[in-house]
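This is what each chain is made of:
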Amino acid sequence: MTNPKYDGLFKPFTFSNGIQLDNRIILAPMTNYSSNEDGTVSDSEVNYYIRRSKGVSMVITACTYVSANGKGFPGEFAGHTDEMVPSLKRLATSIKEQGAKAVLQIFHGGRMCPPDVVPNGDVVSASAVPVEQDGSPTPRELTDSEIESIIHDFGETTRRAIEAGFDGVEIHGANGYLIQQFFSPHSNRREDRWGGSLEKRLTFPLAVVDEVKKVVDTHAKEPFLVGYRFSPEEPETPGITMKDTLALVDALTNKNLDYLHVSVLDFWSKPRRGVEDTRSRIEIIQERVGDRVPVIGVGSIYTAVDALKAFETGIPLLAIGRELIIDPDWVQKIKEGRENEIITKLNRDDQEKLVIPDPLWQAIIHTPGWFPIED
Ligand SMILES: Cc1cc2nc3c(=O)[nH]c(=O)nc-3n(C[C@H](O)[C@H](O)[C@H](O)COP(=O)(O)O)c2cc1C
């Protein structure tokens, strides 16, 4: 039986469009590098999702690319052509059969794409400004019509998500990828309608939202979620500040989205600059949004107590990433009053038991400091 102090985690949640979640815990979107060469989802990746879709109320998938030149990782599954609908359907069905809602994260990598995974090595972005890291390619600045075409691609992938039976899409405007590149004064140095002022830097992100919403209005026969994920700050100068982010949040709350999803590594991380406030970024964002749209929090929630403390901020929903890789039964253990049995460190012998595809496993164990690993 659930320890009553955790009952709040298991309170159902209803989105304004009527879609109901059984509890407040969501699988965070996590790339697994394990799809087939042809862009279809692989058996090992589907099994990884099945293993993690029973306790959570909603699964946000790894990002899928909406345009050929938006592929951001080797082994990323594709969402950019109609041929991919059966593959997307297989993924949606596998998740939904376990009882969770399935949301497809849609994405374009922009200047973060490795040249060897995009056609002709043609890496594109808002402006010809590379990522501040040695060896990063200088992207080619997109033309006006290419930008329009990528916006259209976000809509097309949304249509495929509807056809494939997903319950929603999450627009990936976070983690430094193309949508964020248009919002960022670091990567967007344009002086046309897509850049120049904060308002103009919002043009692309908001156009993507409008296109996705339009496609949902036209094609979805049942309620379909549209969420938006963003990163609150960038370390670079110039770069997105907390003040910019609050402007983005205001603009997004006017768009009738189903949820906003913050991307941070630590739920309690504090602003670097842009506001005089000692509270965490998520608390500041939650206060700004109020009850206008639900916010999903995230970041280094490993134990039931961590989750409880996070919910005390008033956040309605929590996404859990690494911890659900380490312990796929995390939610069930809390539900059954076995929260003290939760495993919070990866054991190097457990790859098979945890159903982790090999490329993801290799990335995890060879990236020091990324995951807590037992000595
Ligand atoms: C292996 C891995 C892959 C990730 N891939 C994505 C992704 O495709 N899209 C995304 O928005 N965030 C991605 N993230 C970030 C997570 O969604 C999450 O925000 C981050 O891991 C912090 O949450 P956690 O501490 O619960 O893991 C990834 C994180 C990990 C660990």
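Residues numbered from 1 in each chain as written. Predicted model: local features only at pLDDT ≥ 70, side-chain atom pairs only at ≥ 80, totals over all residues. Heavy atoms only, no water.

**A word on the UniProt feature "domain: NADH:flavin oxidoreductase/NADH oxidase N-terminal" (unreviewed entry) in the protein**
Stated formally: UniProt positions are given in the numbering used here, feature names are shortened, and annotations may be inferred rather than shown by experiment. The secondary structure listing takes helices from DSSP runs of H or I that are at least 4 residues long and strands from runs of E that are at least 2 residues long, numbered from the N terminus.
Feature annotation in UniProt assigns "domain: NADH:flavin oxidoreductase/NADH oxidase N-terminal" (unreviewed entry) to the following positions: residues 9-340. As annotated, residues 9-340 has a helix share of 33% and a strand share of 15%, and its two end C-alpha atoms lie 16 Å apart.

**Re the sheet that holds strand E5 (residues 101-107)**
Rules: Pairing between strands is defined by DSSP: at least two bridges between them are needed. Angles shown run from 0 to 180 degrees and are taken between the N-to-C directions of axes, each axis being a line fitted to C-alpha atoms and, for helices, limited to the stretch in contact. Any pair of residues with heavy atoms lying within 4.5 Å of one another is described as a contacting pair.
Spatial strand order, E3-E4-E5-E8-E9-E10-E11-E12: 8 strands in a closed barrel with parallel pairing. On average, each strand axis in the sheet is inclined to that of its neighbour by 30 degrees, with strand direction left out of account. Pairing of strand E3 (residues 25-27) with strand E12 (residues 317-320), which is carried by 3 bridges, proceeds in the parallel orientation. Each residue of the ladder has a partner; that of Ile-26, found in E12, is Ala-319. Strands in contact with helix H6 (residues 203-219) are E5, strand E8 (168-173) and strand E9 (225-230); relative to E9, the strand with the most contacts, it is inclined by about 165 degrees. Sheet strands in contact with helix H7 (residues 242-253) are E9 and strand E10 (259-262), and its direction is about 175 degrees off that of E9.

**Brief notes about the nonpolar core**
Note the threshold: Nonpolar cores were defined as sets of buried Ala, Val, Leu, Ile, Met, Phe, Trp, Tyr and Cys residues, with membership established by side-chain atoms within 4.5 Å. Partly exposed residues are those whose accessible area sits between 20% and 50% of the maximum for their type, while under 20% is buried and over 50% is exposed, using a 1.4 Å probe and protein chains only.
Counting residues in each nonpolar core, the largest one holds 111 residues, and the members touching the most others are Met-58, Phe-166, Phe-204, Tyr-228 and Trp-330. Among the elements that make up this core, the one with the highest residue count is H6 (7 residues). If we ignore the near neighbours within four places in the chain, the residues touching Trp-330 are Ile-25, Ile-301, Tyr-302, Thr-303, Ala-304, Ala-307, Ile-320, Glu-323, Leu-324 and Ile-342. Judged by nonpolar contacts, the second largest core, of 7 residues, contains Tyr-65, Ala-78, Met-84 and Tyr-177.

**Digging into the pairing of E5**
Spelled out, the test is: Orienting the strands away from the viewer, one traces the path from the first strand over the helix to the second; a clockwise path indicates a right-handed crossover.
The element E5 is extensively covered by neighbouring structure, given that 6 of its 7 residues are classed as buried. Two elements, strand E4 (residues 58-65) and E5, share 6 bridges in a ladder whose sense is parallel. Following the sheet pairing, Met-58 is matched in E5 by Lys-101. As for the winding sense of the linkage, the β-α-β connection from E4 through helix H2 (residues 85-96) to E5 is right-handed. When E5 meets E8, the two strands line up parallel, connected through 4 bridges. Each bridged residue has a counterpart across the sheet, and for Leu-104 the counterpart in E8 is Val-169.

**Quick notes on the packing of H7 against helix H8 (residues 281-289)**
Here is the rule we go by: Crossing handedness: left-handed means the near helix sits turned counterclockwise from the far one by under a right angle, and right-handed means the same turn made clockwise. Each residue gets one of three labels, nonpolar for Ala, Val, Leu, Ile, Met, Phe, Trp, Tyr, Cys and Pro, charged for Asp, Glu, Lys and Arg, and polar for the others, Gly among them.
Running from amino to carboxyl end, H7 crosses H8 at an angle of 35 degrees, the nearest separation of the two axes being 10 Å. Judged by the sense of rotation from one axis to the other, the crossing of H7 with H8 is right-handed. The segment H7 lies against H8, with Met-242, Thr-245, Leu-246, Val-249, Asp-250 and Thr-253 engaging Arg-281, Ile-284, Ile-285, Arg-288 and Val-289. Residue composition of the contact of H7 with H8, by class: 6 nonpolar, 2 polar and 3 charged.

**What to know about the site of the ligand**
The following threshold applies: A molecule or strand has a residue near it when one of that residue's heavy atoms lies within 4 Å. Under this definition, polar contacts are N or O atom pairs within 3.5 Å; protein pairs additionally need one hydrogen-donor-capable and one acceptor-capable atom, and for neighbouring residues in sequence, both atoms have to be side-chain atoms. Note on areas: these come from Shrake-Rupley sampling with a 1.4 Å probe, and a residue is covered only by the protein chains present in the view.
Residues in contact with the ligand amount to 20 residues; listed here are only the nearest, Pro-29, Thr-31, Arg-229, Ser-300 and Arg-322. In this structure, Gln-105 approaches the ligand through a side-chain N or O atom, which is 2.8 Å from a nitrogen atom. In the environment of the ligand, a nitrogen atom lies 3.3 Å from a nitrogen or oxygen atom belonging to the side chain of Asn-175. Here the ligand loses 93% of its free accessible area of 600 Å² to cover by the protein chains.

**Some words on the environment of Arg-322**
Turning to its location among the elements, Arg-322 is positioned in helix H10 (residues 322-326). Among the residues examined, Arg-322 registers a relative accessible area of 17% and is labelled buried. Between the C-alpha atoms of Arg-322 and Ser-67, which are 255 residues apart in sequence, the distance is 28 Å. Within the structure, Arg-322 has its side chain in polar contact with the side chain of Ser-300 (distance 3.2 Å).

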